[in-house]
Amino acid sequence: SIGIAGTNEVSYDDWLKEDFNVNWSAEPITGGKISKGSRLGQENLESLKDRDSGKTLLEFLGSVLADKSEARVSVAGHSLGGALTQVYSNYLRANLNAGIQVDAWVYAGPTAGDAAFADGLVTKLGADNYHAYNNRLDVIPHVWQEDSVKKICTIYRKKKFCDKNLLGEPIINMVTQYLIGIS
């Protein structure tokens, strides 16, 4: 099992370079697009190396699983870690031998990419190997697709507030307008 942490609240890189870097870039494995922040996070995960062996996680898994005809690797993450779980499980599925099952366990993660990426990911992993769990009142799983971001406007107390600044709701209103603007 591989666990991927969510946003470090004091990390400039996590917030601005990964969380809010929504410009889209092509994702060749699924044929869709992923955010540049997700691409950067994936590249960071791919480049991590064990201090002792110098191996990347993919190299380690490849050596451990080389003689296995069947095995399962589970990748799990929350929030930013959930978005990175999507891209990293996709990367592992494309780079490990076919007998290795790759599971993605996404908890309250924003989408890492567009609908084509999401559909391609579920197809590549298999529907039984992709698991996403979200609290219906959590804002984060609603970002970064514009139609989903707009749902934030109505999830709290079933009030629509995005088109006007209701007393007691200005911060949610401001954040939602910002999210819609960059989606």
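Everything here concerns the structure above.
What you see is a predicted model; the values in this text were computed from it and never measured.

Cut-offs and rules
Residues numbered from 1 in each chain as written. Predicted model: local features only at pLDDT ≥ 70, side-chain atom pairs only at ≥ 80, totals over all residues. Heavy atoms only, no water. Pairing = 2+ DSSP bridges. Helix = DSSP H or I, 4+ residues; strand = E, 2+ residues; numbered from the N terminus. Axes fitted to C-alpha atoms, helices over the stretch in contact; angles between N-to-C directions. Contact = heavy atoms within 4.5 Å. Phe/Tyr/Trp six-rings, centres within 6.5 Å; stacked < 30°, edge-to-face > 60°. Buried < 20%, exposed > 50% of the residue type's maximum accessible area, 1.4 Å probe, protein only. Parallel < 35°, antiparallel > 145°, perpendicular 65-115°, else oblique. Left-handed = near helix turned anticlockwise from the far one by under 90°. Nonpolar A, V, L, I, M, F, W, Y, C, P; charged D, E, K, R; others polar.

Asker: Explain the sheet that holds strand β1 (residues 2-4) to me, please; I cannot follow it from the model alone.
Answerer: Strands in a sheet are paired, the pairing made by backbone hydrogen bonds, and the direction either parallel or antiparallel. In space, the four strands of this open sheet follow the order β1-β4-β5-β6, with parallel pairing throughout. Of all strands in the sheet, those bounded by a partner on one side alone are β1 and β6 (130-133). Direction aside, neighbouring strands of the sheet carry axes that sit 15° apart on average. Bridge count between β1 and strand β4 (residues 71-78): three bridges; the pairing is parallel. Bridge pairing links isoleucine 2 to valine 75 in β4. The strands touched by helix α3 (residues 57-65) within the sheet are β1, β4 and β5 (100-107), with β4 carrying the most contacts at an inclination of about 155°.

Asker: I tried to follow the packing of aromatic side chains on my own but got confused; where do I start?
Answerer: Taken as a whole and assessed by the stated rule, the structure comprises three aromatic pairs. With 6.4 Å between their ring centres and 10° between their planes, tryptophan 105 and tyrosine 133 make a pair best called stacked. Of this pair, tryptophan 105 sits in strand β5 while tyrosine 133 sits in strand β6, and the two are 28 residues apart along the sequence. Using a relative accessible area of 25% as the deciding quantity, one classes tryptophan 105 as partly exposed. Overall, tyrosine 133 belongs to the partly exposed group, its relative accessible area being 44%. Each ring, one from tyrosine 107 and one from tyrosine 133, has its centre 5.6 Å from the other, and the planes form 20°; the classification is stacked. Linking tyrosine 107 in strand β5 with tyrosine 133 in strand β6, this pair joins segments that are 26 residues apart in sequence. For tyrosine 107, a relative accessible area of 35% puts it in the partly exposed group. An aromatic cluster of three or more residues is present, and its members are Trp105, Tyr107 and Tyr133.

Asker: Which parts of the structure should I look at to understand the packing of helix α2 (residues 36-47) against helix α4 (residues 80-95)?
Answerer: The geometry of a pair of packed helices is captured by two quantities: the angle between their axes and the separation between those axes. Interaxial distance between α2 and α4 falls to 9 Å at its minimum, and their mutual angle equals 60°. Classified by the angle their axes make, α2 and α4 are oblique. Seen from above, α2 lies across α4 with right-handed handedness. Note on element contacts: α4 touches α2 through Ala83, Leu84, Val87, Tyr88 and Tyr91, opposite Ser38, Gly41, Gln42, Leu45 and Glu46. Tallied by class, residues from the contact of α2 with α4 come to six nonpolar, three polar and one charged.

Asker: What is the right way to read the packing of α3 against α4 from this model?
Answerer: Orientation of α3 relative to α4, taken along the N-to-C sense of each, is 45°, at an axis distance of 11 Å. Classified by the interaxial angle, the pair formed by α3 and α4 is oblique. Here α3 and α4 pass one another in a crossing that is right-handed. Contacts between α3 and α4 involve Leu57, Leu58 and Leu61 on the former and, on the latter, Tyr88, Tyr91, Leu92 and Asn95. Here the residues of the contact of α3 with α4 are counted per class, giving six nonpolar, one polar and no charged.

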